[in-house]
Amino acid sequence: MEIVRGTAAFPGIAIGEARYYYQAENSEEKNLDASAQLALLSRARDRLEKELLETKTEENQERLWEEQEILHSSAFFKALEDMICSEKVHATYALAVTEREMEEAFGGLETPFIKKRLQAMNRVSERLLFILEELTRKTSFLVRPGIVVAEALTPAQMISLEKENLLALVTRVGSEVAHSSIMAKSLNVPVLADVDVKSEWNGKLVIVDGYTGNVYIDPDAETWKEYEIRRKCEFLEKEALLCLKDEEDVTLDGKQVGIYANIGSLDDLDSVKYYGAAGIGLIRSEFQYLGRENYPGEEELFEGYRNVAEAMEGKLAIIRTVDLGADKQSEYMKIPPEINPIMGNRGIRFCLDHREILKSQLSAIYRAGAYGRLAVMYPMITSLEEIDELRLLEEEVKAELRERKLPFCDDMETGIMIETPAAVMISRELAQRVDFLSLGTNDLTQYTLAMDRQNPNLKDKYLDHHPAILRMIELVILQGHKEGCKVMICGELASDITLTEKFLKMGIDALSVVPACILPVRKVLRSVKISERR
């Protein structure tokens, strides 16, 4: 038995087969069926060629011709095929290594022809990798229940997982507030980060302890038996909490404070209702944009939002407009690389630069609002000018809907995320222009502390309970209430039951947490008396 320790990011106990997530140059899995990998490569090549032909225009025909030349290059693909056959490796690994070797061999040459050829090769390789990973995930990953072990996972990769078979998530890179961890929490599975993962664990029986941060590889009979007992006890504890799912969110002295749910996909709707949420405080709409090959159309978005509105049966559901950029992007978006993407063109900045994307989403949200109680919320707001620009855009969208004679909600509640110190400092002015403020404590913490929340070197220095963060939260509540604006917390701190009483005494109006945390937070809320405030 091998025991490896990491950082517990979400509690729980899981026992199952480890499934190592091989990707690109880390996909060093060997002794694979070479013929199957060659067939996979051929499928990806054929699909890319079809996509190139379908997107050909007069303006891009030279660029596409260069890419087709690479696709038909016998030298490039012979190198790939030779590596797959001789080393019996995954096609993604062969592609990543061959591309790197070509770059090293010819990258120093200044010949214009060679430089253009290399650029075309890089474009083709990137798109082939995307297609290969998608084909691989669809056919061979998590076909049965398992514990995903990975170096790191992007939000797009998390979305591609077969969620019904995910027992736990274990990563080397990440943290409690990494996007992949947040998405795994919404599925109510244990999450560990900062684990020295190994590809050799693939296929082995492992135990994940989301309380201590331990991973047991090939556990002995005694350890296995102990954790089977602990898992049953954990199940009974969770069952005992279910008696609270129909209870009110009210303190001992009668203060109503709504406990809402954060969800990352429509698959989470059943959990929202199962745990008795007051509504949905945050729908992360990125799930509709990631893990696909093009932007979703208005009709597709509308159908999704209408399903939410109808499923919630009159309860509030807040849809955050898409927060793309940084680590939330797909290849088709062609977002230019940035030196520091966390501080880059993301959230509302990206959407205001790509107005048609935002207009399409707003049209869908307003239309779906005719079928239930929806609200719209904008991420990463830092200025009053952004609000003014959004107001004009909203009126433009509504005018177009009237012209199209489509039913829609004309008086939808509007809110914004408070995620930066800048937004905190002007929160009173912002509150004058919206119906509610929602504190995104994950980003607020990293921007206030000037620490990347996903940087493993900072895990012992990253303090989400920092006094500055708590004072900012209290300031926003105070300033929002001065303008008659409701204030909620929808970041990870909302589910921290050691802070629940403090937030209640600050005067918070609502807390929005992953569905699995609703009942533990409700239990604390119903035991607190807050009539004597500071």
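Right, let's walk through the structure included here. (Residues numbered from 1 in each chain as written. Predicted model: local features only at pLDDT ≥ 70, side-chain atom pairs only at ≥ 80, totals over all residues. Heavy atoms only, no water.)

Right, let's talk about the overall build of the protein chain for a bit. Across its full length, the protein chain carries 19 helices and 16 strands. Restricting the contact set of the protein chain to residue pairs at least 6 apart, pairs at least 24 apart contribute 70%. For the protein chain, the exposed area adds up to about 23600 Å²; of that, 51% sits on carbon and sulfur atoms. (Helix = DSSP H or I, 4+ residues; strand = E, 2+ residues; numbered from the N terminus. Contact = heavy atoms within 4.5 Å. Areas by Shrake-Rupley, 256 points an atom, 1.4 Å probe, with all protein chains shown as cover.)

A few words on the nonpolar core. Across soluble globular proteins, you tend to see nonpolar side chains buried next to one another. Counting residues in hydrophobic clusters, the biggest one holds 104 residues, and the most contacted among them are Ile473 and Phe503. Sort the elements by how many residues they give to this core and helix H12 (residues 355-368) lands first, with seven residues. The residues touching Ile473, leaving out its near neighbours within four places in the chain, are Leu439, Thr441, Ile489, Leu493, Phe503 and Met506. Of all hydrophobic cores here, the second largest spans 28 residues; its members include Ala44, Leu64, Leu95 and Leu132. (Core = buried A, V, L, I, M, F, W, Y, C linked by side-chain atoms within 4.5 Å. Buried < 20%, exposed > 50% of the residue type's maximum accessible area, 1.4 Å probe, protein only.)

Strand order in the closed barrel made by the eight strands is S9-S10-S11-S12-S13-S14-S15-S16, with parallel pairing throughout. Adjacent strand axes in the sheet meet at a mean angle of 25°, parallel and antiparallel pairs treated alike. Pairing of strand S14 (residues 436-439) with strand S15 (residues 486-489), which is carried by four bridges, proceeds in the parallel orientation. Residue pairing in the sheet places Phe436 in a bridge with Lys486 of S15. Against the sheet, helix H10 (residues 298-311) makes contact with strand S10 (280-284), strand S11 (317-320) and strand S12 (374-378), and its axis sits at roughly 125° relative to S12, the strand it touches most. (Pairing = 2+ DSSP bridges. Axes fitted to C-alpha atoms, helices over the stretch in contact; angles between N-to-C directions.)

Another point: the packing of H12 against helix H13 (residues 384-403). Relative to each other, H12 and H13 sit at 60°, their axes nearing to 10 Å. Viewed along their axes, H12 and H13 adopt a mutual orientation that is oblique. For the element pair H12 and H13, the recorded crossing hand is right-handed. Residues Arg355, Leu358, Lys359, Leu362, Ser363, Tyr366 and Arg367 of H12 touch H13, and the partners they reach there are Glu389, Leu390, Leu393, Glu394, Glu396, Val397, Lys398, Glu400 and Leu401. (Parallel < 35°, antiparallel > 145°, perpendicular 65-115°, else oblique. Left-handed = near helix turned anticlockwise from the far one by under 90°.)

Helix length check: helix H8 (residues 221-241) (21 residues) gives 31 Å between terminal C-alpha atoms against 30 Å at 1.5 Å per residue, within 8%. When H8 is considered as a whole, its buried residues turn out to be Thr223, Tyr227, Glu228 and Glu234. Projection of H8 onto a plane perpendicular to its axis shows the buried side chains occupying an angular sector of 135°, all on one side. Facing away from the buried side of H8 by over 90 degrees, the exposed positions are Ala221, Glu222, Lys225, Lys232, Leu236 and Ala240. Contact partners of the buried residues in H8: strand S3 (13-20), strand S7 (205-209) and strand S8 (214-217). (Expected span 1.5 Å × (residues − 1). Arc of directions from axis to C-beta.)

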